[in-house]
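A closer look at the structure
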Amino acid sequence: MNRTPIKPLYDNVRLNCTIVSDTHIDYLHRTPAWPQALLTAAVIDAEENTVRTDAFITIGDNTSDGIKQNWDMVKECYAGHNPAERILLCIGNHDTWGDDDHPYDAINYFKEYTEIICGRKIDNTYFAEVVNGYHLIFLGSEKDGGCAAYISDEQIAWFEKEMEKAGKSGKPIFVFCHQALNGRHGLPRTWGYPADPNWPADEGGIGDRSEQVAAIMKKYKNVYYLSGHSHMGLSGESMMEREGFSTFEIEDGLRMINFPTTACGNAYCDDASQGIGMQLEVYDDRVVFRPRNYYDHEFTTVVIRDGKPYAEYPLQ
Ligand SMILES: [Fe+2]
């Protein structure tokens, strides 16, 4: 295959990240090597970027069940590679699930393998990192909350403080959470295929903290909320015109981006291919999200905004 290395869209990129979601590494998969190949392809693509990648980021569901066998397979995808200055793993609902044969707490595996894969210790499933002066804030379910996220009062208080710190930077702020805010990006309809008309309005979303989390973010400018979870694939402006939802949505100034699954099936979209994630490039005057098929090593062609195959946001 002819591999075209990633090249940032413009000169002087200030923050350069590769982001994937829902890799669902699973030793019980019909072909366990397939999701592994998709994650590994993204790792290699990040490693080969013409500009050093600042962070390789996942938005959860690293595994289909948060058990040792699966985490060992995740580890294999990163082994022998140096994709970025740092690797940051967000927890997904599947990462909070163990199984009957593996009663060891999945949350502990998430922390343990974060240390093994990323080389950094985390005390909680939620954490923040400042990269090149930009605040990256990761929300995370603290226990098995079903498909929604369990977010404690402590996490909400911590999030408020982190947002306050981030707001003082005057730079764009990036919030990562596996689940989208309730009802956005076509939810609950886009939660599964076929959709069940009886699903409650919050089905497939973050859960009962949704409006609290939204209100905290809306106090600040240039905030980006990045999620996965719904496996809805990649859609642009034509989907918004046709169906009223998209991968990229804006609400009261809050910019929301729902990532396709990198290694699972996608539905309700313009491009259902596996292997898709996004390059996040931050410049002094704009933020750009560039969907890319890491397995094909090519940027995707779906028109996202203003006739372009990427989303470009000027600073507010
Ligand atoms: Fe998932």
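Each remark here, short or long, concerns the structure printed above.
Predicted model only: the values in this text are computed from it and were never measured.

Observations regarding the environment of Y220
Within the secondary structure layout, Y220 lies in the loop between helix 5 (210–217) and strand 7 (223–227). Under the C-beta neighbour-count criterion, Y220 is labelled partly exposed, with 18 such atoms within 10 Å. Sequence separation between Y220 and G167 is 53 residues; the distance between their C-alpha atoms is 6.3 Å. Discounting residues that sit within four places of it in the chain, Y220 has contacts with M163, G167 and I173.

Comments concerning the environment of D153
Assignment of secondary structure puts D153 in helix 4 (residues 153–169). Of the residues examined, D153 has 8 C-beta atoms within 10 Å and is grouped as exposed.

Structural notes on the packing of helix 4 against helix 5
The N-to-C vectors of helix 4 and helix 5 enclose an angle of 15 degrees; their axes lie 10 Å apart at closest approach. It follows from the interaxial angle that helix 4 and helix 5 lie roughly parallel. Relative to helix 5, helix 4 is oriented so that their crossing is right-handed. In this structure, helix 4 contributes I156, F159, E160 and M163 to the contact, and helix 5 contributes Q212, I216 and M217.

Remarks on the sheet that holds strand 4 (residues 127–131)
The mixed open sheet is built from six strands, whose spatial order is 4-5-6-7-9-8. Only two strands of the sheet have a single neighbouring strand rather than two, namely strand 4 and strand 8 (248–251). Within the sheet, the average angular offset between the axes of one strand and its neighbour, ignoring direction, is 20 degrees. Across five bridges, strand 4 lies against strand 5 (residues 134–138) in antiparallel orientation. Within strand 5, the residue paired with V131 across the bridge is Y134. Each of strand 4, strand 5 and strand 6 (173–176) touches helix 4; the most contacted strand, strand 5, lies at about 165 degrees to it.

Digging into the pairing of strand 1 (residues 15–20)
Consecutive side chains of a regular strand alternate in pointing toward one face of the sheet and then the other. Within strand 1, five of the six residues are buried, which leaves it mostly tucked inside the rest of the structure. As defined by bridge partners, strand 1 adjoins strand 10 (residues 276–282) across five bridges and the pair is classed as antiparallel. In the sheet register, T18 faces strand 10, and the bridge partner there is Q279. Pairing of strand 1 with strand 2 (residues 55–58) involves four bridges; the strand directions are parallel. Within strand 2, the position partnered with I19 by the bridge is I57. Following the backbone out of strand 1, through helix 1 (residues 33–47) and into the adjacent parallel strand 2, one traces a crossover that is right-handed.

About the thresholds
- One numbering rule holds for all chains: residues counted from 1, following each sequence as written.
- Residues qualify for local features only when their pLDDT is at least 70, as the model is predicted, and side-chain atom pairs are given and counted only at 80 or more; totals for whole chains, interfaces and linings, by contrast, use all residues.
- Each helix is a run of DSSP H or I of at least 4 residues and each strand a run of E of at least 2, with the numbering of both proceeding from the N terminus.
- The exposure label follows from counting other C-beta atoms within 10 Å of a residue's C-beta, where the C-beta atoms are placed from the backbone and the thresholds are 20 or more for buried and 12 or fewer for exposed, leaving partly exposed in between.
- Here, residue contact means that the backbone-derived C-beta atoms of the two residues sit within 7 Å.
- All axes here are fitted lines through C-alpha atoms, helices being fitted over the stretch that makes contact, and every angle between N-to-C directions spans 0 to 180 degrees.
- Any angle from 65 to 115 degrees is called roughly perpendicular, while one under 35 is roughly parallel, one over 145 is roughly antiparallel, and all others are oblique.
- The sense of a crossing depends on the near helix, which, turned anticlockwise from the far helix by less than a right angle, makes the crossing left-handed and, turned clockwise, makes it right-handed.
- Pairs of strands are assigned from DSSP output, requiring at least two bridges between the strands.
- By convention, a crossover is right-handed whenever its connection, traced from the first strand over the helix to the second and viewed with the strands pointing away, goes clockwise.

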